[in-house]
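Below are the chains, spelled out letter by letter.
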Amino acid sequence: MKCDPNLYRAAPQSLAVKPRLIRHLFLPPLIIALMIGLGYIGFWLSEHYGIRHLGENGQRQLELHARAVESEISKYTYLPSLLELESSVSQLLADPTPEHRQTVNDYLEGLNRRSRSRAIYVMDTTGRVMATSNWRDFDSYLGEDLSFRAYFQNAVRGQPGRFYGIGSTNGEPGYYLAHGLEEHGKIIGVAVVKVRLEAMEERWQRARLEAFVSDENGIIILSSDPSRRLKSVLPLSDETKEKLARSLQYYWFPLNELQPLARETLSEGVEKLTFPANSELKSDDENISYLSQSRPLSDTPWNFTLLTPLQDLRREAINQGILVAVAFALVAFLLIAWNERRKVIATRLAAREALQEANNQLERRITERTVDLRASNERLKGQIRERRHAEETLRRAQDELVQAGKLAAIGQMSTSIAHELNQPLAALRTLSGNTVRFLERGQLDVASTNLKTINELIDRMGRITASLRSFARRGDDKGQACLGKAADAALQLLGSRVENTPLRLHRDFEDVQLQIDQTRLEQILVNLIGNALDAMQAQPLPQLWLEGERVDDKYRLRVRDNGHGIDAETRKHLFEPFFTTKPGEQGLGLGLTLSASLAAATGGQLGVEHPASGGTAFVLSLPLVSPTPAEPI
Ligand code: ADP
């Protein structure tokens, strides 16, 4: 039994396909976009918090190292002012004799050695060096005019002179601290201490620290990386450059700008700087980013800047971003897998439910159908009963009809019968009257001959009535006949006639079961074969063909002979009762009429054919009992 497909409640395909198509089209790009987005957020957060953390650490480092720089510088702050207390210095300035100069030179040499400064020297108010600690050196400052130096100009005005510059004599960089020497409230000269600060650079290098100190002009004067030294961190105008060149503060150095590719201010004094990869500072291929933290150094117009490289942090942030993206992809994959599994389970459950529902419905339907079938079975049984009853009635009616037909046929023949019987009766009357007279006259021979004729006439009348009685007999129209057996019986009945002729018999028919009484079929065959034998009496090589074939639900038997055939006039009356061409007592003329009636009574028929080759063929067509073919005889 087929299940109703609607019971499965499956969504129509057109509707089911679309969301799946949309999912397959948009889900992968969406997941990739989310992966990229979340990866970027992961990267950004990691970098942001990393920078914050680095910034906190850097702030501590900045403070530490800035203080170290401040303390290094402040060590020498009071050194030039000490010379105010030295009487030999004021004497020299008041009276610059060679003796005084030498005294001060020696004094300054000793002081310089003890203080580990680079040089200490004294200038008069015109800026000429009167005495110096390096008086012995060939590049001694002695006698030089350094009035152009800014520290002198400040100090001679009574302001502290702080100056980082490159020595005009020997090109050596140094930090210059100048102090105006006062006597009685009047400046009589300037004392200068030159300090080398390279020790700090070495200290930074040892600590693997990237740091620099930029002066008031934005020029890097101290740097852990030597290549940054004397580079400008601020844009320099032409005017400033000219002024700096004139002051020879940085000697003849070109003062290139150290401008970053990108500068992002994160907070006060904290910046993110990116330097180009091809910078002369670094030979790496990548651009280099730094976290730059600056703070001013007290007592100076300088700034201390700490640079913390961000490559490691950036790499770490990229890793974190990738990790987040991969984790998301994994979670997305697990979610999709879980969702697919959930759907499969849901589909299975739905299918199972649908199947259960279908089963239930099927069972309900089967129950309903069984009830219906039982009812229709009962109805059918009733109908069969009615049909049987009707068939019985019909058969009875048919029998009645057949019987009526036979009687009608006899009725139709009654005039002929009466005529056929009246003729011998009249002859009998005449013959019997004559016979009585011949007996009275003693003519016994004639009387005997008449009596013989009377006998023959009575026989003939008996045969007529016997044939009609047999035909009219009720109930013989039913039953079955075996064709082979009937043919054998007929030939046997005609035995002596068959034997007396050189007949060639051709049998070519099946031994089928036919719907006709056996005796009736034998009677028909006796009539047909008998007629054939009569027609072939003059034939020297008589031949009889019994040929059969199935046509639909009937069997057609041809009884053909090579006799004299039937002329045109005879053909018109063949099936008329009492029509015969046979001479004397040989023919009654009832054979074909009764045979045709018997065949018709069983639903068959009898016909005649006149083959072109000669002779006659009677065709007997009778209904088959079983339409399946039987073995040929
Ligand atoms: P009957 O044999 O008593 O004459 P039928 O009704 O059997 O009566 O035949 C009627 C007539 O049909 C026959 O007299 C004969 O002339 C003709 N007839 C029947 N069968 C044949 C046949 N095989 N060949 C030639 N004529 C036939």
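This write-up is about the structure you can find in this document. Because the structure is a prediction, the values reported are computed rather than measured.

A word on the overall build of the protein
Piece 1. Helices and strands together make up the secondary structure of the protein, namely 14 helices and 18 strands.
Piece 2. Across the 633 residues in the protein, those meeting the buried criterion constitute 40%.
Piece 3. Residue pairs at least 24 apart in sequence account for 61% of intrachain contacts in the protein once pairs closer than 6 positions are excluded.
Piece 4. For the protein, the computed accessible surface area is about 36,600 Å², with 55% contributed by carbon and sulfur atoms.

Description of the site of the ligand
Piece 1. In the vicinity of the ligand there are 20 residues, among which Thr 580, Thr 581, Lys 582, Leu 588 and Gly 589 approach most closely.
Piece 2. Between the ligand and Asp 561, the relevant distance is 3.1 Å, taken from a nitrogen atom to a side-chain nitrogen or oxygen of the residue.
Piece 3. In the environment of the ligand, an oxygen atom lies 2.7 Å from a nitrogen or oxygen atom belonging to the backbone of Leu 588.
Piece 4. Protein contact buries 95% of the 530 Å² of open area that the ligand shows by itself.
Piece 5. Assessed atom by atom at 2 Å from the grid points, the ligand resides in the largest pocket.
Piece 6. Secondary structure elements with two or more residues in the shell around the ligand: helix H12 (518–535), helix H14 (591–601) and strand S18 (616–623).
Piece 7. The dominant element in the shell around the ligand, judged by the number of residues it contributes, is H12, at three residues.
Piece 8. Residue composition of the shell around the ligand, by class: nine nonpolar, nine polar and two charged.

A word on empty space enclosed by the protein
Piece 1. Within the structure shown, the criterion is met by two cavities of 30 Å³ or more.
Piece 2. Size it by volume and the second largest cavity reaches roughly 30 Å³.
Piece 3. As for the second largest cavity, its lining consists of Leu 483, Leu 514, Leu 521, Tyr 555, Leu 557, Leu 620 and Leu 622.
Piece 4. Put simply, the parts of the chain that give the lining of the second largest cavity at least two residues each are strand S16 (554–561) and S18.
Piece 5. Among the residues forming the lining of the second largest cavity, the class breakdown is seven nonpolar, no polar and no charged.

Describing the sheet that holds S16
Piece 1. One open sheet holds the five strands; their spatial order is S13-S15-S16-S18-S17, and the pairing between them is mixed. This sheet does not close on itself; its edge strands, each paired only once, are strand S13 (504–508) and strand S17 (605–609). Taken pair by pair, the neighbouring strands of this sheet meet at an average axis angle of 15 degrees, ignoring direction.
Piece 2. Two elements, S13 and strand S15 (residues 543–551), share five bridges in a ladder whose sense is parallel. Pairing of Arg 507 across the sheet is with Leu 546, part of S15.
Piece 3. Across the sheet, helix H10 (residues 483–493) is in contact with S13 and S16; its angle to S13 comes to roughly 170 degrees.

Re the layout of surface pockets
Piece 1. Put simply, the largest pocket is a space of about 1,100 Å³.
Piece 2. Contributing to the lining of the largest pocket are 43 residues, with Asn 527, Asn 531, Asp 534, Lys 582 and Gly 591 lying nearest its centre.
Piece 3. Classifying every residue of the lining of the largest pocket gives 17 nonpolar, 18 polar and eight charged.

Brief notes about the pattern of salt bridges
Side chains carrying opposite charge are able to pair once their charged atoms draw close together.
Piece 1. Scanning the model with the defined rule gives 27 salt bridges in all.
Piece 2. As a salt-bridge pair, Arg 295 and Glu 70 come within 2.4 Å of each other at their nearest N and O atoms. Placement of the pair is Arg 295 in strand S10 (residues 288–296) and Glu 70 in helix H1 (residues 13–74), with a sequence separation of 225 residues. Take Arg 295 and Glu 70: they sit in the same class, and that class is buried.
Piece 3. As a salt-bridge pair, Glu 547 and Arg 558 come within 3.8 Å of each other at their nearest N and O atoms. Taken together, the residues Glu 547 in strand S15 and Arg 558 in strand S16 connect sequence positions eleven residues apart.
Piece 4. With a relative accessible area of 25%, Arg 558 lands in the partly exposed category.
Piece 5. One salt-bridge network, held together by shared partners, links Arg 118, Glu 172, Lys 194, Arg 196 and Glu 198.

Topic: the packing of H10 against H12
Piece 1. Closest axis-to-axis distance for the H10/H12 pair is 8 Å, and the angle between their directions is 50 degrees. Taken together, the axes of H10 and H12 are oblique relative to one another. The way H10 lies across H12 gives a crossing that is right-handed. Along the contact surface, H10 presents Leu 483, Lys 485, Ala 486, Ala 487, Ala 489, Ala 490, Leu 491 and Leu 493, while H12 presents Gln 518, Leu 521, Glu 522, Leu 525, Val 526 and Ile 529.
Piece 2. Here the contact of H10 with H12 is composed, by residue class, of eleven nonpolar, one polar and two charged.

Considering the pairing of strand S4 (residues 173–183)
Across a regular strand the side chains alternate sides, sitting on one face of the sheet and then on the other.
Piece 1. Pairing between strand S3 (residues 161–166) and S4: six bridges, direction antiparallel. By the bridge assignment for S4, Tyr 164 is matched with Tyr 175.
Piece 2. As defined by bridge partners, S4 adjoins strand S5 (residues 186–195) across nine bridges and the pair is classed as antiparallel. From the neighbouring strand, Leu 181 faces S5, where its bridge partner is Gly 189.
Piece 3. Connecting S4 to the next strand, S5, in antiparallel fashion are two residues, including His 184 with a positive phi near 55 degrees.

Observations concerning the nonpolar core
Soluble globular proteins: nonpolar side chains tend toward being buried together.
Piece 1. Counting residues in hydrophobic clusters, the biggest one holds 43 residues, and the most contacted among them are Leu 83, Trp 204, Val 213, Trp 302 and Phe 304.
Piece 2. Excluding residues that lie within four positions of it along the chain, Leu 83 makes contacts with Val 89, Tyr 107, Leu 108, Leu 111, Ile 120, Val 122, Leu 181 and Ala 191.
Piece 3. Formed by 36 residues, the second largest nonpolar core is a distinct cluster that contains Leu 503, Ile 524, Leu 544 and Leu 606.

A word on the side chain of Thr 274
Piece 1. Inspection of the secondary structure assignment puts Thr 274 in strand S9 (residues 270–275).
Piece 2. Looking at Thr 274, the relative accessible area reads 14%, which means it is buried.
Piece 3. Look past the residues within four positions of Thr 274 in its chain and what remains in contact with it is Pro 260, Leu 261, Ala 262, Asn 287, Ile 288 and Ser 289.

Digging into the packing of aromatic side chains
Piece 1. Taken as a whole and judged by the stated rule, the model has six aromatic pairs.
Piece 2. Judged by centre distance (6.0 Å) and plane angle (45 degrees), the ring pair of Tyr 40 and Phe 43 falls under tilted. Of this pair, Tyr 40 and Phe 43 both sit in helix H1, three residues apart, which is roughly one turn of the helix.
Piece 3. Taken together, a centroid distance of 6.2 Å and an interplanar angle of 85 degrees make the contact between Tyr 164 and Trp 302 edge-to-face.

Calculation rules
Residues numbered from 1 in each chain as written. Predicted model: local features only at pLDDT ≥ 70, side-chain atom pairs only at ≥ 80, totals over all residues. Heavy atoms only, no water. Helix = DSSP H or I, 4+ residues; strand = E, 2+ residues; numbered from the N terminus. Buried < 20%, exposed > 50% of the residue type's maximum accessible area, 1.4 Å probe, protein only. Contact = heavy atoms within 4.5 Å. Areas by Shrake-Rupley, 256 points an atom, 1.4 Å probe, with all protein chains shown as cover. Near = heavy atom within 4 Å. Polar contact = N/O pair within 3.5 Å; in protein donor to acceptor, adjacent residues only side chain to side chain. 1 Å grid on protein atoms, 1.4 Å probe; cavity = no way out; pocket = protein on both sides within 12 Å on 5 of 7 lines; lining within 4 Å. Sits in = over half its atoms within 2 Å of the grid points. Nonpolar A, V, L, I, M, F, W, Y, C, P; charged D, E, K, R; others polar. Points joined across faces, edges and corners; volume = space filled by probe spheres on them. Pairing = 2+ DSSP bridges. Axes fitted to C-alpha atoms, helices over the stretch in contact; angles between N-to-C directions. Salt bridge = Lys/Arg side-chain N within 4 Å of Asp/Glu carboxyl O. Parallel < 35°, antiparallel > 145°, perpendicular 65-115°, else oblique. Left-handed = near helix turned anticlockwise from the far one by under 90°. Core = buried A, V, L, I, M, F, W, Y, C linked by side-chain atoms within 4.5 Å. Phe/Tyr/Trp six-rings, centres within 6.5 Å; stacked < 30°, edge-to-face > 60°.

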